[in-house]
Amino acid sequence: RDATLTYVQAYQEARESGQAPRAIVALTDERGRVPLVDLSGEPAAWTPCVDLRGRFDNLWKRPPLTTREDLLTFCGQKHGATGIKTLRKAAEATRDGSASPLESRLFPLLTLPPHQGGEGWPAPLLNHRIMLPDALARATGQQSCTADLLFAEARGIIEVQSRRYHSDALGFNRRNGRNAALEALGYRITEITYDQMRDLEVFDMRIEAIAHLFGLPLKSRTAAFLRHRDELHEGLFS
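Residues numbered from 1 in each chain as written. Predicted model: local features only at pLDDT ≥ 70, side-chain atom pairs only at ≥ 80, totals over all residues. Heavy atoms only, no water.

I'm lost on the packing of aromatic side chains in this one. Help?
Given two aromatic rings, one states the distance between the centres and the angle between the planes to describe the pair. All told, the structure shown has 3 aromatic pairs when counted by the stated rule. When the ring of Trp 121 is compared with that of Phe 151, the centres are 5.9 Å apart and the planes differ by 80 degrees; the resulting orientation is edge-to-face. Taken as a pair, Trp 121 in the loop between helix 4 (101–111) and strand 3 (125–131) and Phe 151 in strand 4 (residues 144–151) lie far apart in primary sequence, 30 residues in all. For the pair Trp 121 and Phe 151, a shared accessibility class is recorded, and that class is buried. (Phe/Tyr/Trp six-rings, centres within 6.5 Å; stacked < 30°, edge-to-face > 60°. Helix = DSSP H or I, 4+ residues; strand = E, 2+ residues; numbered from the N terminus. Buried < 20%, exposed > 50% of the residue type's maximum accessible area, 1.4 Å probe, protein only.)

See below:
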């Protein structure tokens, strides 16, 4: 840990001098691809995450180790191996681009079929780069914005705010009108927090509100659905 903190300090000093590697700003680009390079075309580097007070807590942003397609290909090559059915089931329930453990927890709650405890919504794009038109880019000082969970057809964006980390740690929404730019493009934006996801009763209220905002169907709260949903939630948050 001492070595890690030394590296973080060195990274912060390099960033202040303008010599630090550029951080990954999106994990799926405007074409839906998972890039392994940063915006300058250089290999994407590991960069430490800091919380709202500038403290490092052992969480990093880094290029993906693999992809959903590669995992499914591997499963196909290992037919009959111990645990391969479980791995395939998990891989089928994922998508490329998650940038945090909390996003990875929210995704199945929204997208798994109801008999597995999910709402059955179409899979959103994760950490997707949205390019801004020239006028909005000039107004915000940014060429693009990154959406945590983008429901493209519904033009809805969910921003996932963890306990200590979130995508707006630099105050971009407040300083540069990021949300205003996205709303000008016709996107509807909402957020969900760790505490709202952890409390199942509060989570139900948030999902109902999000479904209404995005025009997405809300699964009927039958006894069978709630049993499956409670089991899924317990597995993700216990």
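I keep staring at the pairing of strand 4 and nothing clicks. Help me out?
Counting buried positions along strand 4 yields 8 of 8 residues, so the element is predominantly enclosed. Of the pairings in the sheet, the one linking strand 3 to strand 4 comprises 6 bridges and is antiparallel in character. The residue bridging His 128 from the neighbouring strand is Ala 147, located in strand 4. Note that strand 4 and strand 5 (residues 156–161) share 3 bridges and pair antiparallel. Within strand 5, the residue paired with Phe 151 across the bridge is Gly 156. Hairpin connection between strand 4 and strand 5: a loop of 4 residues separates the two successive antiparallel strands, and Arg 155 in this loop has a positive phi of roughly 50 degrees. (Pairing = 2+ DSSP bridges.)

Would you explain the pattern of salt bridges in this entry?
When their charged atoms lie close together, side chains carrying opposite charge are able to pair. By the definition in use, this model includes 5 salt bridges. Measuring nitrogen to oxygen at the nearest pair gives 2.6 Å for the salt bridge that ties Arg 221 to Glu 119. Of this pair, Arg 221 sits in the loop between helix 9 (200–214) and helix 10 (223–237) while Glu 119 is found in the loop between helix 4 and strand 3, placing the two residues 102 residues apart along the sequence. Overall, Arg 221 belongs to the partly exposed group, its relative accessible area being 27%. Through salt bridges with shared partners, a single network forms among Glu 119, Asp 204, Arg 221, Arg 229 and Asp 230. (Salt bridge = Lys/Arg side-chain N within 4 Å of Asp/Glu carboxyl O.)

Mind showing me how you'd approach the sheet that holds strand 6 (residues 188–193) here?
Sheet strands pair by backbone hydrogen bonding; their relative direction is either parallel or antiparallel. Spatially, the 4 strands line up as an open sheet ordered 3-4-5-6, and their pairing is mixed. Looking along the sheet, the strands with just one partner apiece sit at the ends: strand 3 and strand 6. The mean inter-strand angle of the sheet, taken between neighbouring strand axes irrespective of direction, is 50 degrees. Its contacts with the sheet place helix 4 against strand 3, strand 4, strand 5 and strand 6, and it is angled at close to 135 degrees to strand 5. Docked against the sheet, helix 9 engages strand 4, strand 5 and strand 6, running at close to 170 degrees with respect to strand 6. (Axes fitted to C-alpha atoms, helices over the stretch in contact; angles between N-to-C directions. Contact = heavy atoms within 4.5 Å.)

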